[in-house]
Structure formats: C-alpha cells, structure tokens
Amino acid sequence: MSPHSRIPGKISTVMAGALTACALLAVELAVPPARAAAPQQRVQVAGWYRMMLGDFEVTALLDGTHPFPVDEVMTHATHEQLDQLLASADTPRPVEGPINAFLINTGSRLVLIDSGAGTLYGECCGHLIANLRAAGYQPEQVDDIFLTHLHRDHVGGINARGQMAFPNATLHISRTDADYWTSRDQQKLAPAFLGSMFDGAIESLQPYLAAHRVQTFVGGVDLLPGLRAMPSAGHTPGHTAYVVESRGQKLVVWGDVVHVAPIQFPAPGIRLKYDSDQDQAEQVRRQLFAEAAQQGQWVAAAHIAFPGIGHILARDGRYDWAPAAFTSWLPAPAAASAPAR
Ligand SMILES: [Zn+2]
Ligand SMILES: [Zn+2]
C-alpha cells in the first residue's frame, strides 16, 4: 500500500503539488559547478573623461588615487567635526584622494594643465601618461604645460627618470611659485614637512630648465587665445588657476582650492596644513566658490573625485558640488567634420 493511499484524494493532490514545487526549488537553488573559474582582474578602467567646451576639447586625466589623511592634514576642525561632515556625505575613512589633470585641445595647440605626481607619490599614482595615451594622444604632441603650482602632485609628472616626459612642451609657471619652490634659502625657512615639496619641484623642473623650456609669467595675463591666468595665491605663494574659454563657454581649472569636497564645500573655513598662507587660501576658496556658484561656469579641480569637473551650487548658506553628468555627446569640430574638397 502506498503512503498516499491513506490520504483523502483532494489533500493528496495538493501535497503532491507542494512536494513537486519543493523539488523544483531545490534544483534551482543548487549552484552549478564552475566551468571556468575566472581570475579577478583587479585593474581599473582607463582614467580619462572627455567633454567639449565650445570649440575646445577637454580631457580629464587621472594620475591616481591615494588615501588622504584628513585628521593629519586638515586644520581648524576637530576630529568629531570631520567625522560628522564625512558621515553626512557617507564618505568612509580613509578618504580617497584623487589627483586629476586636464588636457585641452584648442584645435591648434595641445595644452596640459598640471601633470600629476610622476614617481613622487609611489605606486598609487603616476598613471597620467598611460591615461593620456589611452585617451588617444602621445606625450610628444603636448605643446604647452601650465602648472597651477609646484607641489609634487602637480609638477612630478613632467619628469620621466630625469628626462622631459613631454619632450616638445614648453613649461609655463607663475614666477612667484618658480622663485619660491626652487630656492634652497626658502626651503630652510619653511616648515620641515614642506621640504620634500622643494626637492620635488627642483628635481622635476631640472630637464626643462636645462633645455631652456621654462617660461614664467606674472599676474592675470592672457597666455594663449582662450587661456588666461587667474592668480589665486594662498595654497602656495604663486598658486594660479586658469580660465579656459571658447565660444562663450567657460571652465576654471582651480588647482588646489579644495582638497576634500565633502568637508570643504559645507565648511570652507576648514583648512589644509600644507597651505603656505592659510588665511589667504581660505579667502580664495570662499571667493572662487561664490564666483562659480553665481556665474554657473564649469569648474575643474585637482582633488575632487574623478573627473573632477562639475558646477558649484549655493544652497541654504552652504556650497555643494554637482559633478558633470557622463556624456557621450562629443560633436566633431565643424572644420574637422567638413568633407575635404
Ligand atoms: Zn598643492
Ligand atoms: Zn595638490
């Protein structure tokens, strides 16, 4: 006698159905054996991002990211304040510190603004040239390099094992920063933790100085058609932002106005130990935040999450960062797309 024969017919059918469902579920839950165990790749996508600014093509290049020790280097804030600001932006410690640079193709010149750290920050960084190549360019094609300042994470990338990493480029820097960071006398007067910044600048500039490929400028001068220096001293004595403009569209390449976006946008008074003049650096930060929010221009920043391009919003007495939306809309310049005759 089968076990089912003792169960009234209707109930027996329901139970049989349930048993079948269980059996199917068991089959579905069973994990099939791996046919080809794929090794994890542990390699990130190439770090470049592109947008058009009028007729200019702008390519953000990532040099690398590194843990940024906020408690050690941010000043005018308690550990608890930093905790609170990071928590409210859901930003875990250690804070990811990106190093961005920006390549501008004006149509007639290829211009690099900042160069990353090269070998000066170790394994994390120094990927700028690989990313520049991935973006379709070669270092030999760069005509001009403009540096926002001479800290290691901005100047280090110009030098490749003692040679010019960009062999055909002319290097443009503010005379004030050039004079300051190449002076051994100033190095003796500066706090000890800035010592490596002097060494890095002197070492990185050397091949360009030897080849007479360094030009200095003073103040807010026009440097190229569509590129103007904007003095923004404070972080360093000659810190310079660059205003890039084409067909009425404007991008301001800030350099080191902000180091940790989730901290300094809501609280611009929190400062950085590495600022040469902290009062002046804070004043510049507040002024550039206000200008960008009011004018609605694009901003490109060295240490905001890659690509570091976005807009500034002023809301309820605080500032916010609105990152650029990823775009696949990159119209070819009219001249380049016109059929040859
Ligand atoms: Zn800096
Ligand atoms: Zn920097």
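The preceding data block contains the structure.
Remember, it's a predicted structure, so these values are computed and weren't measured experimentally. (Residues numbered from 1 in each chain as written. Chains lettered and ligands numbered in written order. Predicted model: local features only at pLDDT ≥ 70, side-chain atom pairs only at ≥ 80, totals over all residues. Heavy atoms only, no water.)

Chemist: Talk me through the coordination of the zinc ion (ligand 1); I want residue IDs and the actual numbers.
Modeler: Coordination of the zinc ion (ligand 1) by the protein is provided by His 149 (NE2), His 151 (ND1), His 235 (NE2) and Asp 256 (OD), with metal-donor distances spanning 2.1 to 2.2 Å. Each of the four donor atoms around the zinc ion (ligand 1) contributes to a set of angles spanning 90 to 172°, which defines the coordination as irregular. Along the chain, the residues that donate to the zinc ion (ligand 1) are spaced as H-x1-H-x83-H-x20-D. A separation of 3.4 Å is found between the zinc ion (ligand 1) and the zinc ion (ligand 2), both of which receive a donor from Asp 256. Of this pair, His 235 sits in the loop between strand 12 (227-231) and strand 13 (240-246) while Asp 256 is found in the loop between strand 14 (249-255) and helix 9 (261-264), placing the two residues 21 residues apart along the sequence. (Donors = N, O, S within 2.8 Å, 3.2 Å for Na, K, Ca; no water. Tetrahedral: all angles 85-135°; square planar, octahedral: opposite > 155°, others 65-115°. Helix = DSSP H or I, 4+ residues; strand = E, 2+ residues; numbered from the N terminus.)

Chemist: Give a description of the pattern of salt bridges that names residues and reports values.
Modeler: Per the counting criterion, the structure on display carries 13 salt bridges. Several salt bridges share partner residues, and in doing so they unite Arg 271, Asp 279, Glu 282 and Arg 286 into one network. (Salt bridge = Lys/Arg side-chain N within 4 Å of Asp/Glu carboxyl O.)

Chemist: An account of the sheet that holds strand 11 (residues 222-224) is requested, with residue identities and associated values reported.
Modeler: Taken together, seven strands build an open sheet; the order of strands is 11-12-13-14-16-17-18 and the sheet is mixed. Looking at which strands have only one partner, the edges of the open sheet turn out to be strand 11 and strand 18 (318-323). Here the strands of the sheet are splayed against their neighbours by 35° on average, with no regard to which way each runs. By the bridge criterion, four bridges tie strand 14 to strand 16 (residues 298-301) in an arrangement that is parallel. Bridge assignment links Val 252 to a residue of strand 16, and that residue is Val 299. (Pairing = 2+ DSSP bridges. Axes fitted to C-alpha atoms, helices over the stretch in contact; angles between N-to-C directions.)

Chemist: Tell me about the nonpolar core, and name the residues and values.
Modeler: Core analysis: the largest hydrophobic core is formed by 31 residues, its most contacted members being Leu 103, Leu 112, Val 142, Ile 145, Leu 150, Phe 166 and Trp 181. Broken down by element, this core gets its largest block of residues, five residues, from helix 8 (residues 195-210). Excluding anything up to four places from it in sequence, Ile 145 contacts Leu 112, Ile 158, Phe 166, Ala 169, Thr 170, Leu 171, His 172 and Tyr 208. Within the second largest apolar cluster, 22 residues are counted, among which are Val 58, Phe 146, Leu 227 and Leu 251. (Core = buried A, V, L, I, M, F, W, Y, C linked by side-chain atoms within 4.5 Å. Buried < 20%, exposed > 50% of the residue type's maximum accessible area, 1.4 Å probe, protein only. Contact = heavy atoms within 4.5 Å.)

Chemist: Let's hear about the state of the cysteines: which residues, and what values?
Modeler: Working definition of a disulfide: a covalent bond connecting the sulfur atoms of two cysteines. Tallying each qualifying case throughout the model produces one disulfide. Covalently, Cys 124 is tied to Cys 125 through a disulfide, its sulfur atoms 2.4 Å apart. The chirality of the disulfide connecting Cys 124 with Cys 125 is left-handed, given an S-S dihedral of about -100°. Given a relative accessible area of 25%, Cys 124 falls into the partly exposed group. (Disulfide = S-S within 2.5 Å.)

Chemist: Outline the coordination of the zinc ion (ligand 2), listing residues and values.
Modeler: The coordination sphere of the zinc ion (ligand 2) contains the protein donors Asp 153 (OD), His 154 (NE2), Asp 256 (OD) and His 303 (NE2), at a distance range of 2.0 to 2.2 Å. Coordination at the zinc ion (ligand 2) is irregular, judged from the four donor atoms that bind it and the angles of 89 to 158° they form at the metal. Mapped onto the sequence, the donors of the zinc ion (ligand 2) take the spacing D-H-x101-D-x46-H.

Chemist: Give a detailed account of helix 3 (residues 79-88), specifying residues and quantitative values.
Modeler: Along helix 3, the residues classified as buried are Leu 82, Leu 85 and Leu 86. Around the axis of helix 3, the buried residues are gathered within 95° of arc, so they sit on the same side. Relative to its buried face, helix 3 has exposed residues pointing more than 90 degrees away, namely Glu 80, Gln 84, Ala 87 and Ser 88. Backbone geometry just downstream of helix 3 places Asp 90 in the positive-phi region, at approximately 55°. (Arc of directions from axis to C-beta.)

Chemist: Could you give an account of unusual backbone geometry, naming the residues involved and the relevant values?
Modeler: Between Arg 93 and Pro 94 the backbone carries a cis peptide bond, its omega angle lying at -5°. Considering the arrangement of structural elements, one finds Pro 94 in the loop between helix 3 and strand 4 (95-105). In this chain, Phe 306 is followed by Pro 307 through a cis amide linkage whose omega measures 5°. Despite not being glycine, Arg 161 has its phi angle at roughly 50°, a positive value. Take Arg 161: it is sitting in the loop between strand 7 (159-160) and strand 8 (163-164). Phi at His 212 is positive, roughly 55°, even though this residue is not glycine. Residue position: His 212 is located in the loop between helix 8 and strand 10 (214-217). For His 212, a relative accessible area of 71% puts it in the exposed group.

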